[in-house]
Structures are given as structure tokens and as C-alpha cells.
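# Commentary on secondary and tertiary structure
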Number of protein chains: 4
Amino acid sequence: MIKFGIVGYGYWGPNVVRNIDQLDGSKVVAICDKSPASRKKIQKNYPNVLVTADAAELMSSPEIDAIAVITPVWTHYELAKAALENGKHVFVEKPFTSCRQQAEELIELAAKKNLRIMVDHTFLFTGAVKKMAELLNNGTLGKVYYYDSTRVNLGLFQHDVNVIWDLAPHDLSIIDYLIKERPEAIVATGETHLNSHEDVAYMTIYFPNKIIAHINVNWLSPVKVRTTLIGCEKKMLVWNDVEPDEKIKIYDKGVNISSREGLYNLLVNYRSGDMWAPQLDRTEALKDELAYFIQCISEGKNPHNDGVAGLQVVRMLEAASESLKNRGSLVRL
Amino acid sequence: MIKFGIVGYGYWGPNVVRNIDQLDGSKVVAICDKSPASRKKIQKNYPNVLVTADAAELMSSPEIDAIAVITPVWTHYELAKAALENGKHVFVEKPFTSCRQQAEELIELAAKKNLRIMVDHTFLFTGAVKKMAELLNNGTLGKVYYYDSTRVNLGLFQHDVNVIWDLAPHDLSIIDYLIKERPEAIVATGETHLNSHEDVAYMTIYFPNKIIAHINVNWLSPVKVRTTLIGCEKKMLVWNDVEPDEKIKIYDKGVNISSREGLYNLLVNYRSGDMWAPQLDRTEALKDELAYFIQCISEGKNPHNDGVAGLQVVRMLEAASESLKNRGSLVRL
Amino acid sequence: MIKFGIVGYGYWGPNVVRNIDQLDGSKVVAICDKSPASRKKIQKNYPNVLVTADAAELMSSPEIDAIAVITPVWTHYELAKAALENGKHVFVEKPFTSCRQQAEELIELAAKKNLRIMVDHTFLFTGAVKKMAELLNNGTLGKVYYYDSTRVNLGLFQHDVNVIWDLAPHDLSIIDYLIKERPEAIVATGETHLNSHEDVAYMTIYFPNKIIAHINVNWLSPVKVRTTLIGCEKKMLVWNDVEPDEKIKIYDKGVNISSREGLYNLLVNYRSGDMWAPQLDRTEALKDELAYFIQCISEGKNPHNDGVAGLQVVRMLEAASESLKNRGSLVRL
Amino acid sequence: MIKFGIVGYGYWGPNVVRNIDQLDGSKVVAICDKSPASRKKIQKNYPNVLVTADAAELMSSPEIDAIAVITPVWTHYELAKAALENGKHVFVEKPFTSCRQQAEELIELAAKKNLRIMVDHTFLFTGAVKKMAELLNNGTLGKVYYYDSTRVNLGLFQHDVNVIWDLAPHDLSIIDYLIKERPEAIVATGETHLNSHEDVAYMTIYFPNKIIAHINVNWLSPVKVRTTLIGCEKKMLVWNDVEPDEKIKIYDKGVNISSREGLYNLLVNYRSGDMWAPQLDRTEALKDELAYFIQCISEGKNPHNDGVAGLQVVRMLEAASESLKNRGSLVRL
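The structure contained in this document is the topic of the report that follows. Every value quoted in this text rests on a predicted model; they were computed, and no experiment measured them.

Let's shift gears to the overall build of chain A. Looking only at helices and strands, one finds nine helices and 17 strands in chain A. Since a compact globule built from 333 residues should have a radius of gyration of about 20 Å, the 21 Å found for chain A is in line with a globular shape. For chain A, the C-alpha atoms occupy an extent of roughly 75 × 40 × 40 Å along the three principal directions. Taking all 333 residues of chain A together, 52% fall into the buried category. In chain A, once contacts between residues fewer than 6 apart in sequence are set aside, the share between residues at least 24 apart is 66%.

Written as C-alpha cells, this is what we have:
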């Protein structure tokens, strides 16, 4: 039985608490939040749990095995470091940290103390992403040409980060998981309209072997769009995450081009076939993720969404911020 | 009665011919195409029209008032120049020319000879674009924040140009028409998978006053998407051109942010209201455009989609090509 | 403070309990369910509430002002009768009763005892139905021509009733609310494939003044459809309840026909205009409904969804069952 | 080479003429239309064809092998009879005739003269219907439970027939083609709002073995809907004919119910799986149909959409009209 202390009971925290509470191998023993209103809510919903405004209480508690850090990104490093130093495993909200150095330090610390870090890349545990990984890994789709995601909606404006740090980590964690190549360089463009942070932004990520990824994020869209196209050699895929059913459609479509004799003898051969929407696993992603974390702790193995995976995302975010500042200059990774 | 000679009877030419033929103020007197199969088709459909493989015949004909150039882009300059030199008005397929110098030379030549150039920016004459212009011009939408277009489909691969030169001119001509500011700088990224030209590409255009435009073009998409979001201060708009009805939806949505005392006292105020899909003019755009060209010729006035408008698009395409070569370097206009 | 006893904590009961518990003017004091598992769940979620397997305990409790009957339809009459006889107001799940006589008896009993009956026609309290009522009542839509609803999905098969008694009460309560005329006659057709009850069925309801309603219900559909067309003289409306946003679209469309001189001089005049999707109230319908019930009890007034409204729905269901048995014979009301 | 005379060059006639003209084995030699404007149009498009206002000219012409009757339904019988009596094969627009007796007489006459009748049930030659027939015939879908079609739009109002005679023949011909059982009885309901004919109507068709069909037709709908659900034992199908792609979706969904011990021990087992949209043949249906007609004439064999198929549809239409008059009385076939 892994005993958890949770820091942060805002928007996402309650979901983490509920899932840890309901899983067989884990238990919530303490929750910390600075807001009196949140603490009151915790006390009502979880009368047997220790409630506090002071994270240090959790860090020093000998009863607690693991800490879940569900707070704004700029607090992750301090909290995770304290947890690790006190010998506790850490589950951290994404993005992992505010910068690369922090991530590297935490990874090293966890390694030294033989503790687990899991970064909450929840999407990797959805039926949709698991299916896409399966189709890429078993060769159904073939070689990847591009990953093109549109993730736009109205708000919610963040105080402390721009729209890339807010919305792109989803796609970056998925890209890191699905595409086996390491990113080479990043170009980001965008604009700030209302706030002091960009609210509309675009990221291009160059990979080896002509793989390209693009992410369109926007807090000022009148409609909510969550659509990703993945073009591959054998088949092409559309993932529409706002569809209640048929989130993933696989098209037996493609193009073959063979140049015969010079420019004007290109032979273009379009292939068009059936479309297929596989049934997806509908288990709550966060539940699967936390069960996996408990299993990793028990078995002493690193999860695939560990600190290193979290660092990959942070590196791409840092590069995007740098490129954005220079209106799209190429930033090599 | 304006008498037309048409050069090029491939994919788009027949539409231009049919419309000129049916309009009251114009008549097709000669059509030129290098392909014997095309010439045979012309002869069958238009038995009273002169059919030739030699464009020079049209240029020198004293019977012809105007030439429509509906050929690949790399031939536009030579054909348009010959027409103008022979005292004929010119209707040119988009993009206007292969480079800026050619466009400037043609503009100057037409001015000197007092002839009209119209670049076939057909989209400007659709019910959708006319309605968007109206809503922007009369203040309904308010100040523009961004123009974000996705224009993707499977093929058709072009031999001589990349996907930006093939698909982006539509959006660039619309942007030039709708946004009153002049573009400042362009960033383009993309990748070449099958051919020697980019088949997936992304363009960001920076304007003054924090207006930003983005165009996503792709020849390797399993689905056809023609969706443009326009975010403005008062209202926001979605233009979905593959919808048979309700192509334009206007959302009474928005965000107001007022910073009170420092970073963490931002007041975010979301406004959400009705959606409204105005009825659009359904006249064939090309018919309206050609009627307008005939009127401009008759009245001796320059159309809004004249050589200068064509040049604006060519400049943006050139800048995109340059940026693309350097993986997204900022190219100032 | 109205004190409630709830009978039935199955699929819908927890929602009723949660809302009564959260409203200012009401309180849940006792819950009855025959299933030990349900009782265990209640005890966990509502530790301060009396939990019992015996409804009679609630009926006789002097502490309880009102009983909510959230059980299968064949139990409604006995439970509601006991509640009324014990001087308690009654909130009853729809359909109100299994037959007309039961409904009439309960209405009479409540009147005699000066108690309130509310039948849980939840849909009447949704933003969509409230907006449609507003548009019909203020004359925006004009005279009604037809109401045409499709309400199909896969399952859930009921043990004790056919698909009409399961799914049609939603539409019948809405029709009774929106259409001011009284139904004249009903025709129902359908078929039984798997069970002993019809799983596919169609109902036509004839009203005076050429108003016609049609309801298509089906437990064997691969897709979930919740679409209602309402054709009116001035405007036409589509209500798509599976859309997350823009559930209601109003079309400025119509037809005028004027016969000039005989059959072949009909003048048909189609009117086509804008489409408009009004913003809808998003409050939870059940919350509004229960707040209204508490208000009705406090003020001693009958709700619009009272026993008489419940009886209207039961009469139409009975007529449909009779027609269905005779494969579509007309049953007058 | 089969030589055709065409009677009727209104809305659909030009498509029939174009296809016959382009097919290898056929030729249009004469076209008849009462309207001077139509005759003028014919002369322009087909300068080498005989144009006349008198159908008798075609009937008596020894040059003509087959007559296509593309006129209003009330004229079909006279024209087809004249053609058959003059030894000509007949292609007749749907519905075949105005009543059962006319259809039977024409069938008998054609048999006596050894001539072919084809009724223009164009939908049977679409990629969608061919695919559905294939999936039903090869057992993929399993036993049919129901066929449920919605075919509604705004207008076009017909002068001489109601909405069932206008829109239902499409579905009736498809049902006759796909469902191997013979219909037993029909129930139709509807209402007349603007004209002297019903503009909103609903038809239920009872077949043996618990197969049920339902058709919803409406001239007063703000939106165009062409959706058919086909529920079968093994799989379920949605045919959405207004989709440009993916018109047919096949769902691996179903329900198994097994009653164990009495009513309350029903075991309901829902099966849910992948969805699949097969690629469909995109050949123009009318072209395939007319090629098939020419082949039938050449080989002296009856087409599957012969007079008998036409009669099946007319019988269902007649029964629907009779039922409609009596507000849904069951009419046995």
C-alpha cells in the first residue's frame, strides 16, 4: 500500500486524489493546499485525511511514501526536490519544471536516492494515444511523414505562462512518445494580444528523416478544436479528440511519386481505400497512469513518462520560448 | 463587347471560357492550347471559336481586346508581357508571376499602355469572402487579432512549385484583401517527403498592431480541410469552406483582460453569446469576377485585384520560399 | 426547509439526492432502496441520512415533508399514493403512472389533500426546451406545422416496458409543453426483435390545426441520435441534443404557396435566410426543476409539470400501446 | 447500337440524354419536349438530333429502338404503352405508373411483345446501395431487423403528387432490392400544410420475420437529411448520403438478449467494436444503369429493375396513399 501526500487541490488535484483513493494499492493520507476554501472542501470529501496549508508537513511525515505535486509549474522544482530529499517518490504535474537545469537536477537526485519520478503526461494513457502507438509500433501506419496538431479554444488564460507552455505540453509529450527520433530544431511564432504572454502561437519541430511536427495553440479561438493529423507512408490518421466516439480514423490513403525522365515525367499514384475507426479503450487515463506509477514504485522500475521524458518536453518548451522571442528563429536542440 | 483570347484550356481554363462566353459584355473569339486533346475538346464545345496551338496568333490578332492567361505560373510573365505589348488587357491566373521583378515590370508596362491587369484571385468574389470583408469593414468584428487558415488535402502534387505556391495564394490574396495593414515579416517551415518540392508547409505572417496570420498547407492530408479562424476583438469567425451551407459562423465570444494590481490580479472576463450564420451570396465567384473585369475595362479603372494585388501575393510567396530554405528564418518584407 | 425522503437510489436517484441536498430550501433526511449495495453507497456518501430498505418507514415519518419516487414505473402509483395519504408532497419519476386511472386517482387525492405532485419531466427545464418555448410563445417561430423527433441509441433495454414507454416520455412531455393544442389521435407502429417488448417504434400524433408530431424511438441503433425538427410558418428549428454547443439552430427558411389559377399555376415561393444559434442557459435542468418544486410547495401552487401534465403523457403512451398492438390503428384521445 | 428517343427534357432528362449520348452502345436520335425553351436548349446542345414537341413522332419512327420516358408520373402509362405497342423498349422514370393496374398492363404488354422495361431506380446503381446489397447478400450484416430512412429537405413542392410519391420511391426501390421478403402491410401518416397534397409524411412497412421499414419524408425541413439506419443481427449500418466521403459506416455493434429465469433475469449483452467505412464505387449511377439497360436489350434479358420491380414500388405507394387517407389504417398488400 503506497501512501500519498498531495500538494495542490485546485482544478486537477481532486482527480488525482479521487483516483489514488480508489486504487487498490494506494491511499491518500494528507493533502496540502494554500486556499482555505480548498481545504474546507477536502475536509468535507475526505474526512479521514490530514489537511494542511504547509507542504513541509507532508515532506517530513514518515507515514508518506510518495508526493503528488499538482501545483503551478514554477513551484514544481522546489516541491519535488524537497520530496526527493525526504526519500519520497514524486508524481509531478506537466510541464515537469520551468527549465532544463531544474529537470536535470531532479532526475539526478532521484537516481541517487533510487526514487521514482513520474511526470503527469496523462494523454499517453488514453485509449487514443495507446492505439496510435500500437499502430506506429506494429508497422500498420508505416514511416511517419508529419504530426500536425491543432489545440485551440477560448481561454483559460494563465497568469504565469504563455499558450505554448499551457497547451503544447500535451502534444510534446505525445510526440516524444510516438516519434522515435530525437528533435533537431524548433521554430516558434506567435503573438500577444491581451496579456503579457503569447495567446496565439505556432511551433514547428524538425526531426531527422524528414519528419516534421507542427502544433497550433490558441487561447482566442471561438471553437474548441483538438485535431491531429498524422501522415505516414502506408496510412494516414486523423485523431479528433472532441468526438465522443470514433476519435481515431485511419485512412487507407497515400501517394507514390516516381520520377521517370526529368521533371515533367513525374508519375503520381494516389491510393485511396477504406476508412477504419478502431474501438478504443475507455478506461480513465489518469487511473491507468496512477496504477502504473504504483506498479513502478513497487517493482522499482522507471516509468516511460519519467523525469527524462519530462525533460524532453521542457527542452522543447524552452527552445520554443527562445524562438518565439526572436520571431521564429531556428533553435537547435 | 470585349473580345477575349484565352491561353490555356486545362483544368481551370474551361471555367473561364464558359463564363466569358455567357456574360453579356464579352465574347470568346480564340483559344490556344498546346495539347491536341484539349484543342479537340474546344472545337467540339465551341465550334465558332478560333482554336490554335500558337499563343502568338492571339497576341497579334487585331480582333482581340483582352487575353486570359490560364497557364502554369512560370509562363505568366512572357504571355502577359506579349499581350500588354500588343495593347491587350490581361486576366492572369494566380499567382501573378514567378517573382517580384516580373510583376513590377508588368504593372509598369500596363500603366504605360493604360491597360488593365486582373489577377484571378477568385476567392475575393465568393459570398464567404465578400461577407467577411463586409463584417470587417463595417466594424462588426472589431480589430483583427489573427487569421489562421488550414488548407490541406491529398494531392494534387504540382510539378513545378511547392505546396505553398500551390495552395497559399488563396489565403494570401484573401489576407491582402481583408487586412488593411501591410505585412512586415514572414516565417515559413516545411518538409519535402516525396517530391523535390515541399509537400507540407506552414507560414506565419507578422503584421503591425499585433495582427498575425498563419497558413497550414499540405498535399499529404487524408482529409480535405478548408477552415479559417479569424479572431477579432468584438467577435470571432469560423469559415469552413467545405460545408455546403453555413460556411461562415460568427461567434459573439471574446475575452477582456484587465490587470489590476500586478501579475496575479489579472481580471479575465470571458464573453459568450449567440452564434450566427449569415446567408451568403451564391453566385459563381468567377462569373462575378469576370463581369467586374469587363466593367473595369469599359470604365478604364483598375480592379482591386490588379497587378499590385498580385504583386503583394508574389512578395509573400517569395519571402516564404526564402524562409523555408533556411528552416524558418525571419524574412522582412 | 423542505425535508425529503427519497425512494429509489438506482441510476437517476443519486442525481435527485445530490440536488436536493445542495439546494438551500431542501434537505434529504431519508433514502430507501431495496438493494444492499445501493444502501451501502448511500451510507458512504450521506452518513447523516436515514437509510432503509422499507419505504413505509419514510411514509410514516413525521419528519418528512415530501417524497421523491425514483423507481420503476409500475411502482409509482403505490408509492405516490402512500405518500399523499400520509400528507406528503410527491416528486415522481416519468412516466407518471402505468395507466390513466392511476394518474387520475393520484391527481384527485393530491387535490383533496392540498398537496403538490411534480412529475419529473426534466427536459422542460433544460436551456434548449426553455428557449424553444420562448421562441414559440413570443411568436418568433410562428404557427407550428410539425414536431419530428428521432431518439435512438443502442440499448439500454428495459425489462418491463417497450421502447416507447422508455424513450418517448421525453418527447411527449416536451410536446405537451410546447404545443398548445390537445392531441386528437395517435398511430404507433413498431417491432419486437429480441425481447418481448418492442425495441423499434414510431409514433404519429395528430393535433388540431394540421399540427402533426412524430417520434422515432429505437434501442437498436448503432449511433446515438437526439434530433428534433420543428417546422413553423415563420422559421424552422433544429434541436440537436448531442451537440455540446449550438444545440438549437433557427433557420430563417420557409415556403409560401399561393394557388393562382388551377393546379398548374401554383406559385411556390421559397424563403431562405440566416441561421442563428442562440446561447442557451446551461444550469443543470434537474437543479432548476427541484428548486421550482420547493418553491411550488412553499407557495402552495401547482407546478406546470404537475399530475395533469403527467397524465397527458400517460394517456398518449396508453394510446400508443393500443395502436401498436393493432399495427398502427388510429386511437382517438 | 441502340437508338433512343427521349420524351421529356426537364430536370432529369438532360442527364439521361447525356449518358445515352456518351455510352458506346447507344445513341440519341430524337428528343421530344412540349416546352419551346427546352427544345431550343436541346437544339443548341445536340444539333444533330431530331427535336419535336410531338411524342408520336418518336413512337412511329422506325429508326428508334427504345424510348426513355422522363416525364411526370401521370403521363408514364400512355407514353410507355405507345412505345411498347410500337415495338420499342422502354426506360421509364420512377415511380413507374400512377397505379397498379397500369403497371400490370405494361408488364404484360412488354412480355407479349418480348420487349424490355427498365424503371429508373437510379439509386440501385450507386456505390452505396451496391455495397449495402453486397454486405447483406454475403452475410456480413446478418439478418435484417429494420430499415429506417429520413429523406427531408425544403421543397421542391410537386404539383401533382404528395411528398410520399415524390420522395419515397427512392427508399421503396432500395427496400425492394435489399430486403428479400415481400411487404405484408403498410401504415402511413402525414399532414398537408400549404398545398392540397401532404408535405410531411411517415410510412411504416411490415415484412415477415419481424423486419420493419420506416420512411420519413418531408418538404418542409430547414435542413437536407438523407440518412438511413439499417439494423441487423451481426452489424449495423448508417448510410448518410449527404456526406461527400464515408457515406456508409458499418458498426460492429449489437445486442444479445437471453432470458434465463423469468422476466427479471434477462441477460443483456451489448457488443461494441470497430467502425468501418468501405470505399465506394464512384461511377455515375445513371451511366451504369443505362449501360445495363443497353446490355439487357442486347442480350434479351430482363433487368432486375424491370416493370415488376416498378410495380412493387407502385403497390407500396398506393397502399401508403390509402392508409394516409384514413390517418394510418393498416393496408395489407
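Every contact between the two is made by nine residues of chain C and, on the other side, nine residues of chain B. Each residue belonging to the side of chain C that touches chain B can be placed in one class, and the counts come to four nonpolar, three polar and two charged. Alignment of strand β16 (residues 275-277) of chain B against strand β16 (residues 275-277) of chain C, held across three bridges, turns out to be antiparallel. Bridging across to β16(C), Met275(B) finds its partner in Ala277(C).

The next point concerns the relation of the copies chain C and chain B. Superposition of the two copies of the chain requires a rotation about an axis and a shift along the axis. Laying chain C over chain B is done by rotating through 180 degrees and shifting 0.1 Å along the axis; what remains is an RMSD of 0.0 Å. Expressed as an axis order, the relation between the two copies is that of a two-fold axis. Residues of chain C ranked by C-alpha distance from the rotation axis are headed by Trp276(C), positioned 2.2 Å from it. The residues that chain C uses at the interface reappear at the interface of chain B in 100% of cases, marking a shared surface.

Right, let's talk about the interface of chain C and chain D for a bit. Opposite the 42 residues of chain C that make contact, chain D presents 42 residues. With six residues, strand β11 (residues 220-232) of chain C is the single largest residue contributor to the side of chain C that touches chain D. Broken down by class, the residue content of the side of chain C that touches chain D amounts to 26 nonpolar, twelve polar and four charged.

With that out of the way, let us pick up the environment of Ala168(D). Residue and element names in this part refer to chain D. Of note, alanine 168 is situated in helix α7 (residues 163-178). On the basis of neighbour counts, which here come to 26 C-beta atoms within 10 Å, the residue alanine 168 falls in the buried class. Taking the C-alpha atoms as reference, alanine 168 lies 9.5 Å from tyrosine 202; in sequence the two are 34 residues apart. Those residues in contact with alanine 168, other than ones at most four positions away along the chain, are Met203, Ile215, Val217 and Leu317.

This part covers the sheet that holds strand β6 (residues 117-119) of chain B. Residues and elements named next belong to chain B. With parallel pairing, six strands are arranged side by side in an open sheet as β3-β2-β1-β4-β5-β6. The open sheet has two edge strands with one neighbour each: β3 (50-52) and β6. For this sheet the average axis-to-axis angle between neighbouring strands, irrespective of direction, equals 20 degrees. By the bridge criterion, four bridges tie strand β1 (residues 2-7) to strand β4 (residues 66-69) in an arrangement that is parallel. By the bridge assignment, isoleucine 6 is partnered in β4 with alanine 68.

All right, on to unusual backbone geometry then. Note the cis peptide between Lys94(B) and Pro95(B), where omega equals -10 degrees. In this structure, Pro95(B) sits in the loop between β5 (89-92) and α5 (100-113). We note that Glu246(A) has phi near 50 degrees; this positive angle belongs to a residue other than glycine. Examined against the element boundaries, Glu246(A) turns out to sit in the loop between β12 (236-240) and β13 (248-251). Glu246(A) gets classed as partly exposed once you count the C-beta atoms within 10 Å, which come to 19. One non-glycine residue, Lys210(C), adopts positive backbone phi at about 65 degrees. In this structure, Lys210(C) sits in the loop between β9 (200-206) and β10 (212-218).

Conventions we followed
- Residues numbered from 1 in each chain as written.
- Chains lettered and ligands numbered in written order.
- Predicted model: local features only at pLDDT ≥ 70, side-chain atom pairs only at ≥ 80, totals over all residues.
- Helix = DSSP H or I, 4+ residues; strand = E, 2+ residues; numbered from the N terminus.
- Rg over C-alpha atoms; globule rule 2.2 N^0.38 Å.
- Buried ≥ 20, exposed ≤ 12 C-beta atoms within 10 Å, placed from the backbone.
- Contact = placed C-beta atoms within 7 Å.
- Nonpolar A, V, L, I, M, F, W, Y, C, P; charged D, E, K, R; others polar.
- Pairing = 2+ DSSP bridges.
- Least-squares fit on C-alpha atoms with pLDDT ≥ 70 in both.
- Axes fitted to C-alpha atoms, helices over the stretch in contact; angles between N-to-C directions.

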